[in-house]
Amino acid sequence: MKYLIGNWKSNKTFEQTYTWFDEFAKVYQPQLGVEVVIAVPFPFIQEAHKKAHELKLLNFSICAQDVSPYPFGAYTGAVAAGMLKSHVSYCLVGHSERRDHFVESHLEIANKITQLLENNIKPVLCVDEPYAQTQLAALDQNQINQLILAYEPLSAIGTGNPDEPEHVREVTLRLQDFLNNKDVPIIYGGSTNPENAKSYLAVPTISGLLPGGSSLKPEVFASMVNSFT
Ligand code: PGA
């Protein structure tokens, strides 16, 4: 299985969400063996899920961008994994923007992964090389085996300065050692676009892409799906 996981980050209104789905449905060509996923902000998850169903989008799932490290309970403002599980199949965790702006720790991220797995939501754990090993050390092997790992070099996120595919290959080999399981899918994120997508998908250790900016326009995101052929 290959993955294209778009991340809208903190963008779009309700109206823009509807329009995105309508426009995407007109140009999306599902590919065999490619799971297309879109990570939308919390308030849009329910409508995005409904839209994807109404528009009969195949091989398509909704992702959350974050989750509470706690279960249901007295945690004001937190969104528990149990609230998401009927509408999302995936959830991003440990994105560098969460680590930087919201000061998330490795332990907090590990607790989020515990909550997600208990609710059958697939965690997409974002790491950069310098701390990948430390982050993974906060997880047990059973948790690691159920992840999708996203290699997201800080220097490449939102900068228009993507990592070199050869360097991505070298890093993913080291990540596979840390994971102690070659079957855990590793995807690459950081300034990916329809022009450079194929160069990463040609790396044998890469199972997909995590575009941010390139997921905001439906026709651009749909054309990235075609890079998987
Ligand atoms: P970008 O974002 O594609 O805009 O660089 C990637 C990400 O943050 O996951």
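Each value, and the rule that gives it
- In this convention, every chain numbers its residues from 1, walking through the sequence in written order.
- For this predicted model, a pLDDT threshold of at least 70 governs which residues receive local features, and a threshold of 80 or more governs which side-chain atom pairs are given and counted, while totals over whole chains, interfaces and linings are taken from all residues.
- The side-chain figures draw on all heavy atoms in the structure; neither hydrogens nor water molecules are used.
- The numbering of helices and of strands both runs from the N terminus, where a helix is a DSSP run of H or I of at least 4 residues and a strand a run of E of at least 2.
- Any two residues whose heavy atoms approach within 4.5 Å are treated as being in contact.
- Take a side-chain nitrogen of Lys or Arg and a carboxyl oxygen of Asp or Glu: if they are within 4 Å of each other, that pair is a salt bridge.
- Nonpolar cores were defined as sets of buried Ala, Val, Leu, Ile, Met, Phe, Trp, Tyr and Cys residues, with membership established by side-chain atoms within 4.5 Å.
- In this scheme, a residue with accessible area under 20% of its type's maximum is buried, one over 50% is exposed, and one in between is partly exposed, where area comes from a 1.4 Å probe on protein chains only.
- A helix is expected to reach a length of 1.5 Å times the quantity of its residues less one.
- Side-chain rings of Phe, Tyr and Trp, where Trp is taken by its six-membered ring, are said to pair if the distance between their centres is within 6.5 Å; with planes under 30 degrees apart they count as stacked, over 60 as edge-to-face, and otherwise as tilted.
- When the NZ atom of lysine or the CZ atom of arginine is within 6 Å of a ring's centre and also within 35 degrees of its normal, the charge is said to sit over that ring.
- The criterion for a residue being near a molecule or strand is simple. One of its heavy atoms has to lie within 4 Å of it.
- In protein, a polar contact requires one atom able to donate a hydrogen and another able to accept it; more generally it is a pair of N or O atoms within 3.5 Å, and residues adjacent in sequence count only if both atoms are side-chain atoms.
- Lys, Arg, Asp and Glu make up the charged group, whereas Ala, Val, Leu, Ile, Met, Phe, Trp, Tyr, Cys and Pro make up the nonpolar group; the residues left over, Gly among them, are polar.
- Here an angle of 0 to 180 degrees is reported between the N-to-C directions of two axes, which are lines fitted to C-alpha atoms, with helices fitted over the stretch in contact.
- Working rule for angles: under 35 degrees goes down as roughly parallel, over 145 as roughly antiparallel, 65 to 115 as roughly perpendicular, anything else as oblique.
- Left-handed describes a crossing whose near helix is turned anticlockwise from the far helix by less than a right angle; the clockwise case is right-handed.

A.B. asks: Mind laying out the environment of Asn161, listing which residues take part and the relevant values?
C.D. replies: Mapped onto the elements, Asn161 comes out in the loop between β6 (148-151) and α8 (165-179). Residues Asn161 and Val171, ten residues apart in the sequence, show an inter-C-alpha distance of 17 Å. Those residues in contact with Asn161, other than ones at most four positions away along the chain, are Ser155, Ala156 and Ser191.

A.B. asks: Please give an account of the pattern of salt bridges that cites residues and values.
C.D. replies: Enumeration according to the criterion identifies nine salt bridges in this entry. Between Lys9 and Glu97 there is a salt bridge, with the nearest N and O atoms lying 2.8 Å from each other. Separated by 88 residues along the polypeptide, Lys9 in the loop between β1 (2-7) and α1 (14-27) and Glu97 in helix α4 (residues 96-101) bring together distant segments of the chain. Through salt bridges with shared partners, a single network forms among Asp66, Arg98, Glu104 and Lys112.

A.B. asks: Run through the nonpolar core, naming residues and quoting values.
C.D. replies: Phe21, Phe24, Ile38, Phe60, Ile62 and Leu125 are the most contacted members of the largest nonpolar core, which totals 58 residues. Top element by residues in this core is helix α5 (residues 106-118). It accounts for five residues. Excluding anything up to four places from it in sequence, Phe24 contacts Val36, Leu57, Phe60, Pro218, Phe221 and Ala222. Judged by nonpolar contacts, the second largest core, of 13 residues, contains Val124, Cys126, Ala150 and Ile187.

A.B. asks: Go over α5 with me, naming the residues and quoting the values.
C.D. replies: Over its 13 residues, α5 extends 18 Å from the first C-alpha to the last, a length consistent with the 18 Å expected when each residue adds 1.5 Å. Every buried residue of α5 is accounted for by Ile109, Ala110, Lys112, Ile113, Gln115, Leu116 and Leu117. Against the buried residues of α5 lie α3 (81-84), β4 (90-93), α4, β5 (122-127), α6 (129-137) and α7 (141-144). In the segment just after α5, Asn120 is the residue with positive phi, at about 55°.

A.B. asks: Talk me through the packing of aromatic side chains; I want residue IDs and the actual numbers.
C.D. replies: What the rule picks out here adds up to 16 aromatic pairs. The interplanar angle of 35° and the centroid separation of 6.5 Å between the aromatic rings of Phe14 and Tyr18 together place this pair among those described as tilted. Here Tyr18 and Phe14 lie together in helix α1, a separation of four residues that amounts to about one turn. Within the aromatic cluster, the residues linked to one another by ring pairs are Trp8, Trp20, Phe21, Phe24, Tyr28, Phe60 and Phe221. Across the ring face of Trp8, the terminal group of Lys12 is positioned such that the distance to the ring centre comes to 5.3 Å. Here the basic side chain of Arg98 rests over the ring of Phe102, its NZ or CZ set 3.9 Å away from the ring centre.

A.B. asks: Could you give an account of the site of the ligand, naming the residues involved and the relevant values?
C.D. replies: Close to the ligand lie Lys9, His95, Glu152, Ala156, Ile157, Gly158, Gly190, Ser191, Leu210, Pro211, Gly212 and Gly213, which account for all nearby residues. Between the ligand and Lys9 there is a distance of 2.7 Å, counted from an oxygen atom to a side-chain nitrogen or oxygen. Among the residues forming the shell around the ligand, the class breakdown is four nonpolar, six polar and two charged.

A.B. asks: Explain the packing of α6 against α8 to me, using residue names and the numbers behind them.
C.D. replies: To characterise two packed helices, one gives the angle between the axes of the helices and the distance between these axes. Close contact between α6 and α8 brings their axes to 10 Å; oriented N to C, the two are set at 15°. One way to sum up the angle between α6 and α8 is to call them roughly parallel. Seen from above, α6 lies across α8 with right-handed handedness. Every residue of α8 that contacts α6 at Glu129, Ala132, Gln133 and Leu136 is listed here: His167, Val171, Arg174, Leu175, Phe178 and Leu179. Of the residues contributing to the contact of α6 with α8, the split by class is six nonpolar, two polar and two charged.

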